[in-house]
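The lines below spell out each chain.
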Amino acid sequence: MGCCWQKRRKRLIQLMLIGLDGAGKTSFARYLMKDPSNNLVPTIGFSSHDLKNSHRYAVRLYDVGGGKNIRDIWRNYYPLVHGFVLLIDSTDENRLEYVREVLQDTLANDCVRGKPILVLANKQDVENALDEFEVCQKIHLNATVNKYECPTKVESCSLLNKWGLRIPKNALLDRGYAWLVQYIMNNWDHLENRVAIEARHQIELEQKIMMQRIKKFRGSSRSKNKRDERLNKEDSSNSVKEKDPLENSRDSGINGETSPKQDPQVNVNSTETNKDTRCDDTDGQNDVIESVTESIVSGEKINYKKGKFSRRLNRNMRTKSAIFGTNKIVPSNRARLNSG
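Here is what the cut-offs are and how they apply
Residues numbered from 1 in each chain as written. Predicted model: local features only at pLDDT ≥ 70, side-chain atom pairs only at ≥ 80, totals over all residues. Heavy atoms only, no water. Buried < 20%, exposed > 50% of the residue type's maximum accessible area, 1.4 Å probe, protein only. Helix = DSSP H or I, 4+ residues; strand = E, 2+ residues; numbered from the N terminus. Pairing = 2+ DSSP bridges. Axes fitted to C-alpha atoms, helices over the stretch in contact; angles between N-to-C directions. Contact = heavy atoms within 4.5 Å. Phe/Tyr/Trp six-rings, centres within 6.5 Å; stacked < 30°, edge-to-face > 60°. Salt bridge = Lys/Arg side-chain N within 4 Å of Asp/Glu carboxyl O. Arc of directions from axis to C-beta. Parallel < 35°, antiparallel > 145°, perpendicular 65-115°, else oblique. Nonpolar A, V, L, I, M, F, W, Y, C, P; charged D, E, K, R; others polar.

**Things to note about the pairing of strand S3 (residues 57-64)**
Here S3 lies mainly inside the structure; seven of its eight residues are buried. Pairing of strand S1 (residues 11-18) with S3 involves seven bridges; the strand directions are parallel. Bridge assignment links Met 16 to a residue of S3, and that residue is Tyr 62.

**Details of the sheet that holds strand S5 (residues 117-122)**
Ordered in space as S2-S3-S1-S4-S5-S6, the six strands form an open sheet in which the pairing is mixed. Each of the sheet's edge strands pairs with one partner strand only, and the pair in question is strand S2 (46-51) and strand S6 (152-156). When the angles between neighbouring strand axes are averaged without regard to direction, this sheet yields 20 degrees. As judged from the six bridges shared by S2 and S3, these two strands associate in the antiparallel manner. Each residue of the ladder has a partner; that of His 49, found in S3, is Leu 61. Contacts from helix H3 (residues 132-139) reach strand S4 (83-89), S5 and S6, with the element oriented near 130 degrees to S6.

**Observations regarding the packing of aromatic side chains**
Applying the stated criterion across every chain, the model contains three aromatic pairs. Here the aromatic rings of Tyr 62 and Tyr 77 are separated by 5.6 Å at their centres, their planes lie at 40 degrees, and the arrangement is tilted. Of this pair, Tyr 62 sits in strand S3 while Tyr 77 sits in the loop between S3 and S4, placing them 15 residues apart in sequence. For the pair shown, Tyr 62 and Tyr 77 are each scored as buried.

**Examining the environment of Ala 29**
Mapped onto the elements, Ala 29 comes out in helix H1 (residues 25-33). On the accessibility criterion, Ala 29 (1% relative accessible area) is buried. For Ala 29, the residues in contact, after removing those within four places along its chain, are Leu 17, His 49 and Leu 61.

**Focus on the pattern of salt bridges**
Where charged atoms of side chains with opposite charge meet at close range, the side chains can pair. Per the stated rule, a full pass over the model turns up eleven salt bridges. Salt-bridge contacts for Glu 155 lead to Arg 175; the nearest nitrogen and oxygen are separated by 3.0 Å. Pair noted here: Glu 155 is in strand S6 and Arg 175 is in helix H5 (residues 171-186), with a separation of 20 residues, a long-range link. Exposure remark for Arg 175: the relative accessible area of 47% places this residue in the partly exposed category. Members of the salt-bridge network, linked through shared partners, are Asp 21, Asp 92 and Arg 95.

**Here's the deal with H3**
All of the buried residues along H3 are Val 135, Cys 136 and Ile 139. On an axial view of H3, the arc spanned by its buried residues comes to 100 degrees, and they lie on one face. On its buried side, H3 packs onto S4, helix H2 (96-107), S5, helix H4 (141-147) and S6. Following H3 by one or two positions, His 140 adopts a phi angle in the positive range, close to 55 degrees.

**So, unusual backbone geometry**
In this structure, His 140 is a non-glycine residue whose phi angle is positive, near 55 degrees. Its relative accessible area of 45% is what places His 140 among the partly exposed residues. Residue Glu 149 is not a glycine yet carries a positive backbone phi of 55 degrees. With respect to the helices and strands, the residue Glu 149 is situated in the loop between H4 and S6. On the basis of relative accessible area, Glu 149 is assigned to the exposed category, the value being 61%.

**Observations concerning the packing of H1 against H5**
It is at 12 Å that the axes of H1 and H5 come closest, and there the two elements cross at 85 degrees. Between H1 and H5, the interaxial angle falls into the category roughly perpendicular. Here H1 contributes Phe 28, Tyr 31 and Leu 32 to the contact with H5, which in turn contributes Leu 173, Asp 174 and Tyr 177. A breakdown of the residues in the contact of H1 with H5 according to their chemical character gives five nonpolar, no polar and one charged.

Structure follows, in structure tokens:
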């Protein structure tokens, strides 16, 4: 006859420590961990601590900072936990109204409503500290927890003695912590199913928010790329225009240099100047031709330079002789002209 043993899975109870800064959340976590060190640093952000003090269950503590700028991240841990531990500084009466507002906002969250809460009125070792009854009245605890249907137990405790040393054993604190764990174990199926559903919804919500951020980032990057492409095109077109001779001539005109393609008035003036120059050259040629023709008529010897001007001079001499009606034959080439 065989016997089959099935190992039961150890349950993981997850608790969240809430409260204002300086209320003693980290000290409470060190007490449960049985850490004798007294060097404590204020929690910035959050930290988790695993407690393995039972064969039936394990406990994980989320120690979240209580500063004003850190309390916004509390809601990210509400869906993950089965219960809460609220620590209150009994000596700081001026901030109890602020504690009431924080408690109201916390219990109003749907992921907190109906979950068990252990309230610890801490620092009872300090003189003139308020007891748990006075603390409950100051923060309107009964009305708040009844409104949101949260099972609650209140205990007064002191994690340090009057010399500032860690108290190794606190019966009231142990009794409150045992109540919280026992309540969660008695209602494990309900709380575990709720935590699983809320955690899944929280993960889906975070993924959705992440996808929206990625989509927004991609859209902004695409618009930025389009803007960069447009600017590059504009820069390239501007560089092409700068290479254009028309633009170069305009630029030179702006710098004080005159270009015939820059201004129509400049073109007209330059054209008239060229015409005047050509006219001056023609008049000079005509004067030379008249003088040469007169010399031929009078029989004088003519010497002139070689070149294209001499060929034009021969043609013009014939024309002038025909116009003046001279009887002498005008030489048609250089040899006859020099011999005459």
